[in-house]
Amino acid sequence: MKLKFIIIAILLAVDGVFIRFKIGGISYDRLLEFIFFFILFKDFIFELKINAFLRKWCRIILLLASIQLLFKLYLSIIGEIEFQFVYTPLIKSFSFIVFSFLFLILAKKGVKYLNIIVLIHFLILAFAFLQHPFSPIADQMLEIKKLLYVSAESDRIAQDLIREEAKITGGYGNAFRLAGPFANTINFSYFAFSSFALNLFLFLKYRGKPYLFLLILLFIASILSQTRSLLLAEVFLVFGYLFFAPLKKHFFYKIGIVIGAIIMISTIYTAGDALLKGSTSRIAKASSAGHSDSRPLLWITALYAVSSNPFGLTQADYQTARQEMFRVFGNSDILYLWPHNGIINIGFHYTFFGYFIFAFLVAMLLKTINKVKEKKIVSFFRLVLIAYVIQTSFHNNFILESDYAFLMILMLISLEAGNGTYKMQTVLKEKDLHSTRMAKLTTTKF
């Protein structure tokens, strides 16, 4: 294995961990990714020539970046934001392309480099488990984590660390939400789902027991994170695959899943209160605040705000929309909580036109998935997209804004569909044929 690809694999695996260490607002690991991208720039150009999916993906990112640039420039001109917030989104958009290409080139080099990412993910999980209040060295692990976020500019990160320390020192294991080395539990949940999807793909592809072992650890960590959307997405992905994938015992899997679902729903409906009575876990509650979930109202408010301002939404515009919807629904959460829906948030960052571009991206992904030869992998990719939508429908993170890890799955779709493979083989054959012809001409001449 080449050293540069080993380093790239490590950089991609630790994404989101070392956010404290920055130069000019860009973390060290991201800067190193940029450096490796420019080192491999010729490979990137070659990949663009042979890989139709990568070309379309880069065009989508550039189109979204252009829309965002125009809107941010307008906000800067009217004094809504500082000029630095005009060009920083461009750097982020570029980083999406860099991350995607680096993972794609790793995957094409062989599964051995993906195994390095899996190994680093295992170490991240080990860190997370050792930080839980049930661990005898939780205090020491928290001190190590503090080194990752000291001097971090976010007050929320500081508050999260204080909250974690209180629960660890107090031994409140049932109330502790696993976050590992990440800034908060939500960031950990996005890492966990993408890692879960990656390991499930590798297990289906290669049947390696280490992948299955890591899947079990990730599911346990997901339970300890008490993130209901993450658990729902993982359960949907696994049982959806067992239900829809072309397996030998397909009929029996379907019957078992249906019976299990009926039993679970019946138990929750008839004896849920008795079973969950006195539980402090968020998993046992419909909402973390003890009252009905306000997310649907937040979604409606956000959609109303974006549709009312299709060419760009300012903070003042959003607050006006919040006030109007508060008078309709009377829920105070509307006034200060963000939408908690990654797809709806597209309109905040890329205007109303961003929804159309996202629809094109979804259509492109589904069309690409149809080109995958293995039926079980086709089922997996379709389900993983739905599962990701399930998770991001309850949080503000999304691949086109702040989530990098899921880009790995998108690039696997490209690779499994054969994008670039056939054309690359054709190019190499043409080069060999050209070399053979030149050799014959040279031999004839002399």
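The structure this text deals with has already been given above.
Residues numbered from 1 in each chain as written. Predicted model: local features only at pLDDT ≥ 70, side-chain atom pairs only at ≥ 80, totals over all residues. Heavy atoms only, no water.

### What to know about the packing of aromatic side chains
Both the distance between ring centres and the angle between the ring planes are used here to describe each pair of aromatic rings. A full pass over the atoms with the stated rule returns 36 aromatic pairs. Here the aromatic residues F34, F37, F38, F41, F44, F94 and F101 are joined through ring pairs into a cluster of three or more. The ring of F203 has R207 sitting right over it, with the charged end atom 5.2 Å from the ring centre. One Lys or Arg, R322, reaches over the ring of W338 and ends 5.6 Å from the middle of that ring. (Phe/Tyr/Trp six-rings, centres within 6.5 Å; stacked < 30°, edge-to-face > 60°. Lys NZ or Arg CZ within 6 Å of the ring centre and 35° of its normal.)

### Some thoughts on the side chain of R295
With respect to the helices and strands, the residue R295 is situated in helix α13 (residues 295-308). Taking the relative accessible area as the measure of exposure, R295 reaches 16% and is therefore buried. Aside from chain neighbours lying at most four places away, what touches R295 is H340 and F394. (Helix = DSSP H or I, 4+ residues; strand = E, 2+ residues; numbered from the N terminus. Buried < 20%, exposed > 50% of the residue type's maximum accessible area, 1.4 Å probe, protein only. Contact = heavy atoms within 4.5 Å.)

### Some thoughts on a nonpolar patch on the surface
A cluster of nonpolar side chains, L73, Y74, I77, I78, F83, Y87, L90 and I91, forms an exposed patch at the surface whose accessible area comes to about 760 Å². Mapped onto the nonpolar patch, the elements with two or more residues apiece are α4 (52-77) and α5 (84-109). With respect to the helices and strands, I91 occurs in helix α5. A residue is classified by how much of its surface remains accessible, and I91, at 32% relative accessible area, is partly exposed. (Patch = residues over 30% accessible without salt bridge, like charges linked within 9 Å, V, L, I, M, F, W, Y side chains within 5 Å. Areas by Shrake-Rupley, 256 points an atom, 1.4 Å probe, with all protein chains shown as cover. Salt bridge = Lys/Arg side-chain N within 4 Å of Asp/Glu carboxyl O.)

### Topic: the nonpolar core
Judged by nonpolar contacts, the single largest core of 122 residues is most densely connected at W57, F103, F380, F381, V384, L400 and L410. Among the elements that line this core, the one with the most residues is helix α9 (residues 185-206), at 14 residues. Residue contacts for F103: discarding those within four places in its chain leaves L12, L114, I117, L198, M408, M411 and L412. (Core = buried A, V, L, I, M, F, W, Y, C linked by side-chain atoms within 4.5 Å.)

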